[in-house]
Amino acid sequence: MRILVVGSGGREHALCWAIAASPLCDKLYCAPGNPGIAKLAELVPIAAMELDKIVAFARDRAIDLLVVGPEQPLVAGLVDKAEDAGIKTFGPRAAAAVLEGSKGFTKDLCARHGIPTAAYRRFTDAEAACDYVAAKGAPIVVKADGLAAGKGVTVARAVGEAQQAIRDALLGGRFGQSGSSVVVEEFLEGEIASYFALVDGAHALPLVTVQDHKAVGDGDTGPNTGGMGCYSPVPAMTEAMAEATLNRIVRPTVAAMAAEGRPYKGVLFTELMICRDGPKLIEFNVRFGDPECQVMMLRLKSDIVPALLAACDGELNSFDLRWHDDAALSVVIAAKGYPEKPVAGGPIRGIERAEALPGVTVFHAGTKNDSQGRLVAAGGRVLNVTARSATVAEAQALAYRAVDLIDFPDGFCRRDIGWRALRRG
Ligand code: AMP
Ligand code: GLY
């Protein structure tokens, strides 16, 4: 098969790593990719949002399977364009990617179908939203409706803070069009968790559990990021909680989307709050998590390509995936200044030394080769140092041994990835 992956981060590097290992894959392309992916795939200089160029390239090269990594091209309709051109594509069409593209749509869907989530109201008028917040009191949560690169959510401790977030979005244009409508929702008490499943339009096939660390600093301090590291499996996500999430949130959503003429296929990434009365939806993402995908790919024992094909072909019902019993853990090395102002261009050395440790794989998240061919940082999150070992504790120790072999003076990482699992013993 000839396979094209779209995207340029650590998630796409991990997907390419897994796909390149498949005996079904004869030729792998990645658009636009990165220097790490270049070792596995032929890079195509087309950006992820150049939808028509991607489709033209895929037709031209007779691509048998297109795999879309990031949410922006999914929400913008890349899958629609590719499928309409006859290309088999992993990922939701725009009408289904709206599960991530509009928080308001998702809240209304939950309301129509009895899917547990925080109580909410949608607003386009700032004054009405501010009055609602004043009536409800704090803590309360304000969310920009559309895509905002993980920055559109304000968990407000005070009414004034929530009202400021509302004005910033609706009057100040802080999130552009994405913030021209907001969701104001009830603050939920509990532990945040994630749940991933492959979906084929009708059936959901659960993947292993993974927990991300969103805050930039050790001990979950500082501003939120796209994710500073993660581990799998997750003790907090017990079998009972996973079952409840599948039966009360994921399956009802898949059924609701099909019933409303928006069949969902691809990966469905559910963020949920583990509350006293069970799991409640926080939000959906319509793609693999980044860096969650990296630890998943290290734990995946089965060939990924047949699973992606089964999701495209509506055949997940009779499908099974095998996983390594080992744990996996990924540490993000970010450029100093991330998430506000990451330093670009810092030189990186020693990845080969790190990867020489058995069980370690270093995925490139934001790197490039400079004019002299040296590897340098080109993004906020730069590397994902990922390790597989018998337990989370061992995977953590191995990942940090690998981190310490990498010479990247302009980088930093959290030193406590996996702490929630380790605390439980
Ligand atoms: P999101 O971008 O939707 O993942 O939200 C960012 C973070 O805000 C989540 O990871 C939660 O920690 C928090 N959050 C979002 N919605 C709520 C809520 N209704 N109650 C409490 N915390 C929330
Ligand atoms: N790591 C969180 C995300 O991919 O949204």
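Everything below is about the structure shown above.
Residues numbered from 1 in each chain as written. Chains lettered and ligands numbered in written order. Predicted model: local features only at pLDDT ≥ 70, side-chain atom pairs only at ≥ 80, totals over all residues. Heavy atoms only, no water.

**A short note on the overall build of the protein**
Then, number 1: Helix and strand content of the protein: 14 helices and 23 strands.
Then, number 2: The C-alpha radius of gyration of the protein comes to 21 Å, within 12% of the 22 Å expected for a compact globule of 425 residues.
Then, number 3: Taken along the three principal axes of its C-alpha coordinates, the protein extends 60 × 45 × 45 Å.
Then, number 4: Excluding contacts between residues fewer than 6 apart, the proportion of contacts in the protein whose partners are at least 24 apart in sequence is 68%.
Then, number 5: Split by element, the accessible area of the protein, about 16,800 Å² in all, is 50% carbon and sulfur.
Then, number 6: Computed over 46 positive and 50 negative side-chain charges, the separation of the two mean positions in the protein equals 2 Å. (Helix = DSSP H or I, 4+ residues; strand = E, 2+ residues; numbered from the N terminus. Rg over C-alpha atoms; globule rule 2.2 N^0.38 Å. Contact = heavy atoms within 4.5 Å. Areas by Shrake-Rupley, 256 points an atom, 1.4 Å probe, with all protein chains shown as cover. Lys, Arg positive; Asp, Glu negative; His and termini not counted. Charge placed at Lys NZ, Arg CZ, Asp CG, Glu CD.)

**Observations concerning the site of ligand 1**
Then, number 1: Surveying the vicinity of ligand 1 reveals 15 residues, the closest of which are Glu185, Glu186, Leu188, Glu271 and Glu283.
Then, number 2: The separation between a nitrogen atom of ligand 1 and a polar main-chain atom of Leu188 is 2.8 Å.
Then, number 3: Within the contact set of ligand 1, an oxygen atom lies 2.8 Å away from a side-chain nitrogen or oxygen of Glu271.
Then, number 4: For ligand 1, whose free accessible area comes to 470 Å², the fraction covered by protein is 88%.
Then, number 5: For the shell around ligand 1, the secondary-structure elements that each account for two or more residues are strand E7 (140-144), strand E8 (153-156), strand E9 (182-186), strand E16 (265-275) and strand E17 (278-285).
Then, number 6: Taken together, the residues of the shell around ligand 1 break down into 8 nonpolar, no polar and 7 charged. (Near = heavy atom within 4 Å. Polar contact = N/O pair within 3.5 Å; in protein donor to acceptor, adjacent residues only side chain to side chain. Nonpolar A, V, L, I, M, F, W, Y, C, P; charged D, E, K, R; others polar.)

**Quick notes on the packing of helix H5 (residues 94-101) against helix H6 (residues 103-113)**
Then, number 1: Remark: H5 packs on H6, axes separated minimally by 6 Å, with the N-to-C direction vectors making an angle of 95 degrees. If you check the angle between H5 and H6, you find them roughly perpendicular. The segment H5 lies against H6, with Val98, Leu99 and Gly101 engaging Lys103, Phe105, Thr106 and Leu109.
Then, number 2: Taken together, the residues of the contact of H5 with H6 break down into 4 nonpolar, 2 polar and 1 charged. (Axes fitted to C-alpha atoms, helices over the stretch in contact; angles between N-to-C directions. Parallel < 35°, antiparallel > 145°, perpendicular 65-115°, else oblique.)

**Digging into the packing of helix H1 (residues 10-20) against helix H10 (residues 292-299)**
Then, number 1: Close contact between H1 and H10 brings their axes to 8 Å; oriented N to C, the two are set at 15 degrees. Overall, the two elements H1 and H10 adopt an arrangement that is roughly parallel. Along this stretch, H1 crosses H10, giving a crossing that reads as left-handed. Residues Gly10, Arg11, Ala14, Leu15, Trp17 and Ala18 of H1 touch H10, and the partners they reach there are Cys293, Gln294, Met297 and Leu298.
Then, number 2: Here the contact of H1 with H10 is composed, by residue class, of 7 nonpolar, 2 polar and 1 charged. (Left-handed = near helix turned anticlockwise from the far one by under 90°.)

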